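Letter by letter, the chains look like this.
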Amino acid sequence: MRDLLEVYVQQFKTTLATQVQYRAALVIWLIGHILDPVIYLVVWDTVARSSGGRVGTFSTGDFGAYFILLMLVNHATFTWIMYEYDYRIRHGDLSFALLRPIHPIHADIADNVSFKLITLMFMLPIAAGLAIVFRATLPLIPWALAAFVPALLLAFIVRFLVEWTLAMVAFWTTRVSAINQMYYVAALFLSGQVAPLSLMPFPIQVVATLLPFRWIIGFPVELLLGRLTPGEVLMGFAAQGVWLAIGLALLKIVWRASVRQYSAVGS
Amino acid sequence: MTYLRLLYVFFRIGVLGELAYRVNFFVQLFQSLLGLGTALAGLAVIFTHTDRLGGWRPDELIVLVGVYMLVGGAINLVIQPSMERLIESVREGTLDFTLTKPEDAQLLVSVQAVQIWQLTDVVLGFGVLIVALIRLGAAVGVWQAAAFGVALLAGGAIVYSFWLILATCSFWFVRVENILVIFQSMYEAGRWPVSLYPGWLRFALTFVVPVAFATTVPAQALTGRLTGQTLLGAVALAAALLVGSRLFWRFGIRYYSGASA
């Protein structure tokens, strides 16, 4: 355990040093991740204003709060591992990771968390600024706030497991861009990024409940906005728990098969 | 005439290079279809709650989707890959070879790389455009069609000049690829009419990164929203930027010291 902690601390230092070097890349990343939710916020804001100030149960202020929170939750849980693994395999970088005495997922988690900590310094003021511009109304409900913390943590872990496992596809094919795009599109519609799920057609809501997407982005946002009853929140935690178990099992199986599949450059 | 022939030659080289990777065509086609499906599904969700978005009807927004794909495809087809190679060749010093050729260097660097499969986006975008226009039942008059053509050309010229100016900056600041990536993420915003966005964002999308001229203005022309003033403004800006980027390129070339000299 102590050793693992040390690994995380070292990884944090490395990531910090790297990110300070690549400031421009940080800015680009920020623009991409802020612009997307802002675009959908603007669209729904326009719809709400043209239909008497609200759509379903969402007023313009609610949309503001929803999409800004969505941006923050998406920021907290997102990973870039699916876009990187194929490079690692093709260039043989993975061989070094395999030589280390701990599972390579730890380095990735530490790297991810460190990056988030650094970018959070930019995200929070931007989110505050956007909240003012779009007049977001955030209701503060103490129990929801308390439940949000474990929900976000579970969302992060589940998303990391799912996407890390999916990245393993790169062991079998190097044409991962189409698969990544499919995953991205599914997440766009089923996690509440295009629109709050309650505004989606009913069949999509059903599918979203059965798949992991809602539980890794939409659920923490709806929870914090006080849109869920305590019963629904418990169900959400249960769903996250189920996906956590599935994710862990899949990771174990797929990783074992993947490493066997891997033939490094030069071996 | 020489220029057209040169363009054709480079295009042919690009095609020949890519023909070796035919599966890429299907992958790219699949991704283009997925992108189109995403755009249409997004519109479908929005229009279950309203019948107009900022004054645009569903089929008019599909026109915009068509223009977005068409222009985006054209950018990815030749402008972006060529400019990326230009930046790379400045860093590696291989621009020397281009400069010693007896043709206009700006032309050579502007068409030097072609990602041929991006044509799927161009073709699909064009198809979407036509289907949407038929559904609109819009009898597109000669003037509207002409205005669309002019707006599209002006938008293309503006985007091209914008990229050339940024890529030319690599003579001074070697690593500028990142700035180009910013354009791509900002281009996403062009899938919606820029009139939707709040003032500061609309300004940025019009004058800082000229997305509005590339997508919204041509779509306005086809849906009968374009004023003569906007069109004139777009043409004037295109002309100014073409000349400006040309002068800036010449200036940059003089600064370029080469790899070995």
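Residues numbered from 1 in each chain as written. Chains lettered and ligands numbered in written order. Predicted model: local features only at pLDDT ≥ 70, side-chain atom pairs only at ≥ 80, totals over all residues.

**Some words on the overall build of chain A**
Stage number 1. Helix and strand counts for chain A stand at 11 helices and 2 strands.
Stage number 2. Its helices and strands in sequence order give chain A the pattern α-α-β-β-α-α-α-α-α-α-α-α-α, from N to C terminus.
Stage number 3. Over its C-alpha trace chain A gives a radius of gyration of 20 Å, about what one expects of a compact globule, namely 18 Å for 267 residues.
Stage number 4. For chain A, the spread of C-alpha atoms along the three principal axes comes to 65 × 40 × 35 Å.
Stage number 5. When burial is assessed residue by residue, chain A has 36% of its 267 residues classed as buried. (Helix = DSSP H or I, 4+ residues; strand = E, 2+ residues; numbered from the N terminus. Rg over C-alpha atoms; globule rule 2.2 N^0.38 Å. Buried ≥ 20, exposed ≤ 12 C-beta atoms within 10 Å, placed from the backbone.)

**Thoughts on the overall build of chain B**
Stage number 1. Helix and strand content of chain B: 12 helices and 0 strands.
Stage number 2. The helix and strand sequence of chain B, counted from the amino end, reads α-α-α-α-α-α-α-α-α-α-α-α.
Stage number 3. When its C-alpha atoms are laid out on the principal axes, chain B stretches across 65 × 45 × 35 Å.
Stage number 4. Expressed as a percentage of its 261 residues, the buried residues of chain B come to 39%.
Stage number 5. Contacts spanning at least 24 positions in sequence make up 82% of the contacts within chain B whose residues lie at least 6 apart. (Contact = placed C-beta atoms within 7 Å.)

**Thoughts on unusual backbone geometry**
All names here are of chain A.
Stage number 1. Positive phi outside glycine occurs at Arg 135, with the angle close to 50°.
Stage number 2. Examined against the element boundaries, Arg 135 turns out to sit in the loop between α6 (105-133) and α7 (142-167).
Stage number 3. When the 13 C-beta atoms within 10 Å are taken as the criterion, Arg 135 is described as partly exposed.

**Notes on the packing of helix α4 (residues 81-90) of chain A against α7 of chain A**
Residues and elements named next belong to chain A.
Stage number 1. Contact pair α4 / α7: the axes reach a minimum separation of 8 Å and the direction vectors enclose 30°. Taken together, the axes of α4 and α7 lie roughly parallel to each other. Between α4 and α7 the crossing geometry is right-handed. Taking contact as the criterion, the partners of Ile 81, Met 82 and Tyr 85 in α4 are, on α7, Glu 163, Trp 164, Leu 166 and Ala 167.
Stage number 2. Partitioning the contact of α4 with α7 into residue classes produces 6 nonpolar, no polar and 1 charged. (Axes fitted to C-alpha atoms, helices over the stretch in contact; angles between N-to-C directions. Parallel < 35°, antiparallel > 145°, perpendicular 65-115°, else oblique. Left-handed = near helix turned anticlockwise from the far one by under 90°. Nonpolar A, V, L, I, M, F, W, Y, C, P; charged D, E, K, R; others polar.)

**Brief notes about the nonpolar core**
It is characteristic of soluble globular proteins that their nonpolar side chains tend to be buried jointly.
Stage number 1. Grouped together as the largest cluster of nonpolar side chains are 136 residues, with contacts concentrated most on Ala 155 of chain A together with Ala 151 and Ile 158 of chain B.
Stage number 2. Here Ala 151 of chain B is in contact with Val 217, Pro 218, Ala 221, Leu 226, Leu 231 and Ala 234 of chain B, once residues within four sequence places are set aside. (Core = buried A, V, L, I, M, F, W, Y, C linked by C-beta atoms within 7 Å.)

**Overview of the interface of chain A and chain B**
Stage number 1. Contact residues are listed per partner, giving 29 residues for chain A and 26 residues for chain B.
Stage number 2. Mapped onto the side of chain A that touches chain B, the elements with two or more residues apiece are α2 (23-50) and α8 (177-190) of chain A.
Stage number 3. Element by element, the count of residues in the side of chain A that touches chain B is highest for α2 of chain A, at 13 residues.
Stage number 4. For the side of chain A that touches chain B, the residue count by class is 21 nonpolar, 6 polar and 2 charged.

**A closer look at the confidence of the model for chain A**
Stage number 1. Looking at chain A, pLDDT values average 87 and 98% of them are 70 or higher.
Stage number 2. No element of chain A has a lower mean pLDDT than helix α5 (residues 93-99) of chain A, which averages 79, and none a higher one than helix α10 (residues 213-224) of chain A, which averages 93. (pLDDT = per-residue confidence, 0-100.)

**Let's talk about the packing of helix α1 (residues 2-21) of chain A against α6 of chain A**
Relative orientation and spacing of two packed helices are given, respectively, by the angle between their axes and the distance between those axes.
Residues and elements named next belong to chain A.
Stage number 1. α6 packs onto α1 with a crossing angle of 50° between their chain directions and a minimal axis gap of 8 Å. Here α1 is positioned oblique relative to α6, judged by the angle of their axes. Here the hand of the crossing between α1 and α6 comes out right-handed. Facing α1, whose interface residues are Leu 4, Val 7, Tyr 8, Gln 11, Phe 12, Thr 15, Leu 16 and Gln 19, α6 presents His 106, Ala 107, Ala 110, Asp 111, Ser 114, Phe 115 and Ile 118.
Stage number 2. For the contact of α1 with α6, the residue count by class is 9 nonpolar, 5 polar and 1 charged.

**With respect to the confidence of the model for chain B**
A low pLDDT score tells you not to read the predicted coordinates there in detail.
Residue and element names in this part refer to chain B.
Stage number 1. Mean pLDDT for chain B: 86, with 97% of residues reaching 70 or above.
Stage number 2. Predicted confidence in chain B is weakest over helix α8 (residues 177-187), with a mean pLDDT of 78, and strongest over helix α12 (residues 228-255), with 91.
Stage number 3. The ipTM for the predicted assembly is 0.86, set against a pTM of 0.88.

**A look at helix α2 (residues 23-46) of chain B**
Stage number 1. Along its 24 residues, α2 of chain B runs 35 Å from first to last C-alpha, staying within 8% of the 34 Å computed at 1.5 Å per residue.
Stage number 2. Within the sequence span of α2 of chain B, burial applies to Gln 28, Ser 32, Gly 35, Leu 36, Gly 42, Leu 43 and Ile 46 of chain B. (Expected span 1.5 Å × (residues − 1).)

**What to know about the environment of Leu 247 of chain B**
Stage number 1. Its place among the elements puts Leu 247 of chain B in helix α12.
Stage number 2. Separated by 95 residues in the primary sequence, Leu 247 of chain B and Leu 152 of chain B place their C-alpha atoms 23 Å from one another.

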